[in-house]
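Working through the structure, step by step
The chain contents come next:
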Amino acid sequence: MADGTRSVRGGSPASSPVLGGGGRATAVAAAGWSSPPGHGFRRVTLTKPTFCHYCTDFIWGLAGYQCEVCNFMSHEKCLKNIKIPCSCVAPSLVRVPVAHCFGSPGHYKRKFCTVCRKSLESPALRCEVCELHVHTDCILFACSDCRQCHQDGHQDHDTYHHHWREGNLSSSARCEVCKKTCGSSEVLSGMRCEWCGILAHAACYIIVAPECTFGRLRNMILPPSCVQLFSRNFSKLHCFRVTENLQTEPDEDDDVDGSTQGSTKDVQISTDSSKQNFSKQTLKIFDGNDAVKRNQFRLISVPRIAKNEEVVEAALRAYYINDDEQEYELQTFTQQALLSDDVINRNDAVEDSNLSSVFRESVPEAWVIRAKPKDEEVIRIYPAWLKVGMAYVSLRVNKDSTTQTVVKEVLPLLGKQTECLENFKLVEVLMGSKQVQRMVLDSQELILNRLKDIRKTSIRQMNQTRFYIVENNKSIVRVNLLVGGLPPQLSREDYTNILKAELAIKTNVVSVSHVYQAQGAVVLEISCFSEAERIYMLVKDTTINDKPLNVVVIPEVVASKIPQNCCPVLVFVNPKSGGLKGRDLLYSFRKLLNPHQVFELTNGGPLPGFHTFCKVPSFRVLVCGGDGTVGWVLGALEEIRHKLACSEPSVAILPLGTGNDLGRVLRWGAGYSGEDPYSILVSVDEADDVLMDRWTILLDADEPAEGAENGVAEPEPPKIVQMNNYCGLGIDAELSLDFHHAREEEPGKFNSRFHNKGVYVKVGLQKISHTRNLHKDIKLQVDQQEVELPSIEGLIFINIPSWGSGADLWGSDSDNRFEKPRIDDGLLEVVGVTGVVHMGQVQGGFRSGIRIAQGSYFRVTLLKPIPVQVDGEPWIQAPGRIIISAAGPKVHMLKKSKKQKKTGSMKEMRGDMSISEGGR
């Protein structure tokens, strides 16, 4: 095939499952191979190093084959084996349309766009739920083929198939079928199931058994069939509680300048004239009225002498449409069609036309693709009740065909000829990349007119539109919103009255289903989509007692559908901890698990997660954050454990903070340093369950708080805090307080563990010369016995054998006066330090603290204001009493196993894949 010669355009894949008909496949006789699904390959001259997208090998020589639509590059020998469909037919292959959840634009190294297959060199978008990466100007053409993570009343099923995503694999990835390398860092290549994680070549994945078992993490994943979420009016960012950053990508419904939306397509068009280098021109192409209104266009570059059909074909390719170009025409903004065979040389133009002279002089800068009117055409009707596979029936409609006649003709083809027509409806589904929109068609609506209206609005949207025949079942609308930030300790009636006054809720469709008095939160059950959307948007702008309210969309977990051996993990991530690594962990865990079991703590705290899992009979918790974050989650668990079906879930830790003392004790390490999140989840699954004491600290001040109004001396009310690790008084708390103040002044600088420790050292050096007599300012009772304190500057109560980023404050020396400390012995150890130098010696491992006492009940009397810190949270405590006692039942923690249990072969770990008997 000579350079520049066009091949015949490929059709839809021959293997497309069809009811009542087969798919078509066009053969390319010139080369002797069958056309891959939807591609239109052309022989091109290579001007830079290029790799084949099928075999990932280097293409030697100067010639290769490139798809004119999606840029798929291939050797000539590989063309006959290509199974990956072109982007233009990908929407027709989607089994269940599910919109993507795109975050803000970012820079992603060594990643490729799923639509145009080019490298993501500029800011691009990625789905927060699956591995889809796209350019900002390609997002309109991305398929709505995200993972189905919950049931929403549309095409719900209990059996899940592999959800394959092409490319963006590690170069070391290996195929589970042939065991050879299937990843590449040079091109978009290889396939990965986004549920179980198995990897395969594009030629190998088709022989993998279709049913997915969720792989090695199957017992940790919350099965999608167990989750219900009715979310018609909510974006995916709201459904999965993804924090919306200030910088947002151009939205499909936003007016943006077309120059940022369209990329130039250099379309090579062959002509019958001699091969000369003609100058080219760039044209703006709109695909309908909507694109004209929003000024969203695509640019194509064509020779100045080009036939009309060739320009139309180039325009269709720019919009990833593989229809016959004879069915379309180009029009100017005056709605006048092209009047001759070519754009520039209009030799056959009608001389009487008013526009002929204008056309001869210049070419309009912008054109609109229009579909030519048809008297009849064939449409596809999809049965919505199909549980497995994807199928449709093809039906010919004419100008007299209405929705009712279409339903009447389709039912016999689906074996439902005995059913009543009134029991079915025809639903139009627009499968946008960001939102799947459904609209029920009126029974008397003319189908051809409807198709004409869609194409007039957008040719691209027509390519993404389907028609489903749906049974008229009464759907139950139930949207759950958790509203927080309300005044605590009120009754259900009080909360209802507040919501009526502030949000004007309609009690006939809104009811309070759950009340969390201690947290000042309620769960609203709403039976109207529009009311749910109104309340959601209104809550975000509402404050009560100068405190802003927060709202979270809550999915409903059907506990009866959870498999018996399934113990899903509830993941909490603090994105502000540990050098801001939490953002990447959020994305990783959402991909590895069901996103409905991953919660961001800055969005409503731990309560939304615990409420979502309140009916789950058995689950585990993974907390990603520092010691303060762990204490926050454990405190919330203690407050609502009586409302949980699993009242004592085991808690694992992924340490992201600065000290991470509890993480060290439980063998989770000194801090997260980029370990594979998959390996972390496997370690959580294999961890050992241990018990840990928790302690309650009662703070009862005698003197009034500073700044009392009008000089009225009223003492502070008693305050109760929970302790997991340690409680410090004196110099230890003073250093923590100085660090806390420094972080509040410049929070942007505290984004790494190394910098944080450097600030600790700095504030410590400033206190070396300070002398205090803490033993003269406090009195200590242990188990009702007075204890005489030595000369110290700091007094520390420790529950775990790690303090100050891993230091052993108690020491390892044996002492007959005390028992050997354990985290579950019901005892606290009391240790003193003489100053900053002593603390530095302890952290360096040269000394230990001064052992003072060991007991289960402590009473400390403060004679003057003294700095106090509990698990890293410091403040100045007024004179009074501090009482420390055991806090109810011990908490179940997960301790990382010393020896990794055998997890089987890689085949079992990554998917339990079974290969069909057909084999290779």
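Residues numbered from 1 in each chain as written. Predicted model: local features only at pLDDT ≥ 70, side-chain atom pairs only at ≥ 80, totals over all residues. Heavy atoms only, no water.

Each helix and strand in the protein was counted, giving 20 helices and 46 strands. Split into buried and exposed, the 920 residues of the protein put 55% on the buried side. Across the protein, contacts joining residues at least 24 apart in sequence account for 70% of those joining residues at least 6 apart. Surface summary for the protein: the accessible area is close to 40,800 Å², and the carbon and sulfur share equals 48%. (Helix = DSSP H or I, 4+ residues; strand = E, 2+ residues; numbered from the N terminus. Buried < 20%, exposed > 50% of the residue type's maximum accessible area, 1.4 Å probe, protein only. Contact = heavy atoms within 4.5 Å. Areas by Shrake-Rupley, 256 points an atom, 1.4 Å probe, with all protein chains shown as cover.)

This part is about the sheet that holds strand β23 (residues 510-516). On the basis of which strands lie adjacent, the open sheet formed by 4 strands has the order β23-β24-β22-β27 and antiparallel pairing. Of all the strands in the sheet, the pair left with one neighbour each is β23 and β27 (550-554). Pairs of neighbouring strands in the sheet enclose a mean axial angle of 25 degrees, with direction left out of account. Both β23 and strand β24 (residues 521-526) contribute to a ladder of 6 bridges, which runs antiparallel. When the bridges of β24 are listed, S511 appears paired with E525. Most of the contacts of helix α10 (residues 529-539) go to strand β22 (residues 479-484), to which it runs at about 20 degrees, and overall it touches β22, β23, β24 and β27. (Pairing = 2+ DSSP bridges. Axes fitted to C-alpha atoms, helices over the stretch in contact; angles between N-to-C directions.)

Turning our attention to the side chain of S144. Topologically, S144 is positioned in the loop between β7 (133-135) and β8 (164-166). What makes S144 buried here is its relative accessible area of 1%. Each residue touching S144, except ones within four places of it in the same chain, is listed here: V94, V96, P97, V98, A99, H100, M431, G432 and V436.

A word on the packing of helix α11 (residues 582-592) against helix α15 (residues 677-686). For the pair α11 and α15, the least separation of the axes is 10 Å and the interaxial angle reads 65 degrees. Looking at the two axes, α11 sits roughly perpendicular to α15. As α11 runs across α15, the sense of the crossing is right-handed. Contacts between α11 and α15 involve L585, S588, F589 and L592 on the former and, on the latter, P677, Y678 and L681. Among the residues forming the contact of α11 with α15, the class breakdown is 6 nonpolar, 1 polar and no charged. (Parallel < 35°, antiparallel > 145°, perpendicular 65-115°, else oblique. Left-handed = near helix turned anticlockwise from the far one by under 90°. Nonpolar A, V, L, I, M, F, W, Y, C, P; charged D, E, K, R; others polar.)

Turning our eyes to something else, we now look at the environment of T834. Structurally, T834 is set in the loop between β40 (828-833) and α19 (836-843). On the accessibility criterion, T834 (34% relative accessible area) is partly exposed. Considered as a pair, T834 and I792 are 42 residues apart in the sequence and their alpha carbons are 4.4 Å apart. With residues near it in sequence (within four places) discarded, T834 still touches S791, I792, E793 and I850.

Spatially, the 5 strands line up as an open sheet ordered β18-β17-β21-β19-β20, and their pairing is mixed. Strands with a single pairing partner mark the edges of an open sheet, and in this sheet they are β18 (393-398) and β20 (436-440). The sheet shows a mean angle of 35 degrees between the axes of neighbouring strands, direction not considered. The pairing of strand β17 (residues 376-383) with β18 spans 6 bridges and is antiparallel. By the bridge assignment for β18, E377 is matched with V397. Its contacts with the sheet put helix α6 (residues 403-413) on β17, β18, β19 (424-431) and β21 (465-471), and the angle it makes with β18 is roughly 150 degrees. Helix α7 (residues 447-457) rests against β17, β18, β19, β20 and β21 of the sheet, and its axis sits at about 90 degrees to β17.

Overall, the coordinates contain 30 salt bridges when judged by the stated rule. A salt bridge links E176 to K179; the nearest nitrogen and oxygen atoms lie 3.6 Å apart. The exposure class of K179 is partly exposed, given its relative accessible area of 46%. Among the salt bridges present, the one from R216 reaches E686, with a minimum N-O distance of 3.4 Å. With a gap of 470 residues between them, R216 in the loop between β10 (199-200) and β11 (227-228) and E686 in helix α15 connect regions that are remote in the sequence. Here the two residues R216 and E686 agree in accessibility, since each one is buried. (Salt bridge = Lys/Arg side-chain N within 4 Å of Asp/Glu carboxyl O.)

All right, on to the confidence of the model for the protein then. Keep in mind that low pLDDT regions are not for reading the predicted coordinates in detail. Of all residues in the protein, 80% attain a pLDDT of 70 or more, and the chain-wide mean is 81. Strand β1 (residues 27-28) is the least confidently modelled element of the protein, averaging 33 in pLDDT, while strand β29 (residues 569-573) averages 96, the highest of any element. In this model, residues 266-277 is a region of pLDDT below 50 whose contacts with residues beyond four sequence positions or in other chains number 23 contacts. Counting contacts from residues 335-362, a segment whose pLDDT is below 50, to residues more than four positions away or on other chains yields 44 contacts. (pLDDT = per-residue confidence, 0-100.)

The subject of this paragraph is the nonpolar core. Ranked by internal contacts, the top residues of the largest apolar core, which has 153 residues, are F589, F610 and L622. If sequence neighbours within four positions are ignored, F589 has contacts with V571, V573, V598, L622, C624, L654, P677 and L681. Grouped together as the second largest cluster of nonpolar side chains are 29 residues, L499, V509, F529 and V551 included. (Core = buried A, V, L, I, M, F, W, Y, C linked by side-chain atoms within 4.5 Å.)

What follows deals with the packing of aromatic side chains. Applying the stated criterion to the full structure yields 18 aromatic pairs. On the basis of an interplanar angle of 75 degrees and a centroid distance of 5.3 Å, the ring pair of F234 and Y536 is categorised as edge-to-face. Remark: Y536 occurs in helix α10 and F234 occurs in the loop between β11 and α1 (236-239); sequence separation between them is 302 residues. Pairing Y382 with Y468 gives two aromatic rings, centres 5.4 Å apart and planes at 35 degrees, and the pair type is tilted. Of this pair, Y382 sits in strand β17 while Y468 sits in strand β21, placing them 86 residues apart in sequence. (Phe/Tyr/Trp six-rings, centres within 6.5 Å; stacked < 30°, edge-to-face > 60°.)

As a further point, take α10. For α10, the set of buried residues is F529, E531, A532, I535, Y536 and V539. The arc enclosing the buried residues of α10, seen along the axis, measures out at 165 degrees, which places them on a common side. Contacts made by the buried residues of α10 are with α1, β22, α9 (492-503), β23, β24 and β27. (Arc of directions from axis to C-beta.)

As a further point, take the pairing of strand β34 (residues 695-701). Where burial is concerned, most of β34 is hidden: 5 out of the 7 residues are buried. Across 5 bridges, the pairing between β34 and strand β35 (residues 719-723) is antiparallel. Bridge pairing in β35 links L698 to I720. Relative to strand β45 (residues 880-886), β34 runs antiparallel, the two being bridged by 7 bridges. In the sheet register, L699 faces β45, and the bridge partner there is I882.

Okay, the environment of I554 next. Among the secondary structure elements, I554 is positioned in strand β27. On the basis of relative accessible area, I554 is assigned to the buried category, the value being 3%. When the C-alpha atoms of I554 and Q228 are compared, they prove to be 9.5 Å apart, with 326 residues separating the residues in sequence. In this structure I554 touches L229, N480, L482, P608, H611 and T612, once residues within four positions along its chain are discounted.

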